[in-house]
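Each chain, letter by letter, is given below.
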Amino acid sequence: MEKTYKVNEIFYSLQGEGYYTGTPAVFLRLSGCNRRCEFCDTDHFDGRDMTAAEIVGAIAAYPSRHLVITGGEPTMQLDSDLLRAIKAERFYVQIETNGSLPVPVEVDWVTCSPKTAPWTIDRIDELKIVYQEQDVEEIASLLPATHHFLQPVSGTNVAETVAYCMAHPRWRLSLQTHKLIDIQ
C-alpha cells in the first residue's frame, strides 16, 4: 500500500508573513501538531489522506513554483520521499516549523516559529516569533538564524511588538498581511 500524508488543505495565495511576504506561493498545510498554541489558525485533526503523487499533482496545477509547507507541525509527516517528488517538479520549498523536530535536508528555506522548548531543529533561515513579551533574545541565542522577525499575536499587541523592534533593530516586524488584505 502506498504511503499517504494527511493534508489539511492546499491553496494558492501570497505569502503573508516574514521574509517572503508578497511572494505568490502554493501552500501545503499538513494536519497534526505536537503543540497546542491558543492562537493557532489550523484544525489539527481535519484533513484527507493523499499520496505523494496526488499532492504533487495538486500543487503543480498552480503557476508558482514557491511552495510553503506548513501545518500544524509539518515535520511530523514530511519526509524525503515526498520532498524528492516535489523537487522533481522544480519547486522551491519553504517550511514553517515550530522547531521541535529535525527538518529534511531537501527543504530550501526554514522558517522557525518556535513555541515551547525543547527544540531539535538544526538549521534556521528565518526565526519568526509570535511576540508575547517573552525573552526573545534568549530564544534567538538558542535558535540562531539569519533573519529575525517578531509578529504580534493575531494583531492584538502591535504597539508592544513595534516598540520592541524599534528598541532592538535586529528584529523586523512581520504582520499577517494576508489577514490585513483579506486573502487566504
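Scroll up to find the structure.
Think of each chain on its own: its residues are numbered from 1, step by step along the sequence as written. Note on the predicted model: pLDDT of at least 70 is required for a residue's local features to be given, and 80 or more for side-chain atom pairs to be given and counted; whole-chain, interface and lining totals, by contrast, use all residues. Note: side-chain values were computed over all heavy atoms of the structure, leaving out hydrogens and water.

A. Examining the nonpolar core more closely. We call a set of buried Ala, Val, Leu, Ile, Met, Phe, Trp, Tyr and Cys residues a nonpolar core when their side-chain atoms join them within 4.5 Å. Only protein chains enter the calculation, and the probe is 1.4 Å; a residue is then buried if its accessible area is under 20% of its type maximum, exposed if over 50%, and partly exposed in between. In this structure, Ile69, Ile86, Leu127 and Trp171 are the most contacted members of the largest nonpolar core, which totals 37 residues. Going along the chain from the N terminus, every DSSP run of H or I of four or more residues is numbered as a helix, and every run of E of two or more is numbered as a strand. The greatest single-element share of this core, amounting to 4 residues, is contributed by helix H1 (residues 52-60). In what follows, residue pairs with any heavy atoms lying within 4.5 Å of each other are defined as contacts. For Ile69, the contacting residues outside a window of four places in its chain are Leu28, Leu30, Pro74, Leu78, Leu83, Ile86, Val93, Gln94, Ile95 and Glu96.

B. Geometry of the environment of Thr120. Examined against the element boundaries, Thr120 turns out to sit in the loop between strand S6 (109-112) and strand S7 (126-131). Residues Thr120 and Asn98 lie 22 residues apart in sequence; the distance between their C-alpha atoms is 9.8 Å. Not counting residues up to four positions away in its chain, the partners in contact with Thr120 are Gly99, Ser100, Leu101 and Pro102. Two N or O atoms count as a polar contact when they lie within 3.5 Å, although within protein this holds only if one can serve as hydrogen donor and the other as acceptor, and sequence-adjacent residues are included solely when both atoms are side-chain atoms. There is a polar contact of 2.8 Å between the side chain of Thr120 and the backbone oxygen of Ser100. Of note is the side chain of Thr120, whose polar atom sits 3.4 Å from the backbone nitrogen of Leu101.

C. Structural context of a nonpolar patch on the surface. On the surface, Val158, Val162, Met166, Leu173 and Leu175 cluster together into a nonpolar patch covering about 390 Å² of accessible area. Broken down by element, the residue count for the nonpolar patch peaks at 3 residues, all from helix H4 (residues 158-167). Following the sequence through the fold, Val162 ends up in helix H4. By relative accessible area, which is 30% here, Val162 ends up partly exposed. Patches were defined on residues exceeding 30% relative accessible area and lacking a salt bridge, with like-charge contacts within 9 Å and nonpolar side-chain contacts (Val, Leu, Ile, Met, Phe, Trp, Tyr) within 5 Å. Areas reported here follow the Shrake-Rupley algorithm with a probe of radius 1.4 Å; residue values treat only the protein chains shown as occluding. For this document, the term salt bridge refers to a Lys or Arg side-chain nitrogen within 4 Å of an Asp or Glu carboxyl oxygen.

D. Examining the pairing of strand S8 (residues 147-152) more closely. Taken across its 6 residues, S8 has 5 buried, putting it largely inside the fold. Only strands joined by at least two bridges in the DSSP assignment are considered to pair. As judged from the 6 bridges shared by S7 and S8, these two strands associate in the parallel manner. Among the inter-strand pairings, Tyr131 is bridged to a residue of S8, identified as Pro152. Between the parallel pair S7 and S8, the chain is carried across by helix H3 (residues 136-142), and the sense of this crossover is right-handed. The pairing of S8 with strand S9 (residues 172-173) spans 2 bridges and is classified as parallel. By the bridge assignment, Phe149 is partnered in S9 with Arg172. Viewed with both strands pointing away, a crossover whose connecting path from the first strand over the helix to the second turns clockwise is right-handed. Read as a crossover between parallel neighbours, the route from S8 over H4 to S9 is right-handed.

E. Region of the structure containing the environment of Phe149. Relative to the helices and strands, Phe149 resides in strand S8. Counting along the chain gives 115 residues from Phe149 to Asn34, while the straight-line C-alpha distance between them is 23 Å. Discounting chain neighbours no more than four positions away, the residues touching Phe149 are Gly18, Tyr19, Glu126, Leu127, Lys128, Ile129, Trp171, Arg172, Leu173 and Ser174.

F. Structural context of helix H2 (residues 80-87). Restricting attention to buried positions, one finds in H2 the residues Leu82, Leu83 and Ile86. Mapping the buried residues of H2 onto a view down its axis gives an arc of 95 degrees, with all of them on the same face. Of the surrounding elements, those touching the buried residues of H2 are strand S1 (5-14), H1, strand S4 (66-70) and strand S5 (92-97). What the arc covers is the set of directions going from the helix axis to the C-beta atoms.

G. Here's a closer look at the pairing of S4. Across the 5 residues that make up S4, a large majority, 5, are buried. Every second residue of S4 is oriented toward a common face, with His66, Val68 and Thr70 on one face and Leu67 and Ile69 on the other, all of them buried. Strand direction decides the pairing type here: strand S2 (residues 24-30) and S4, joined by 4 bridges, are parallel. Note that in S4 the partner of Phe27 across the bridge is Val68. Of the pairings in the sheet, the one linking S4 to S5 comprises 4 bridges and is parallel in character. Its bridge partner being in S5, Val68 is matched across the sheet by Gln94. Regarding topology, H2 serves as the crossover connection from S4 to the parallel S5, and that connection is right-handed.

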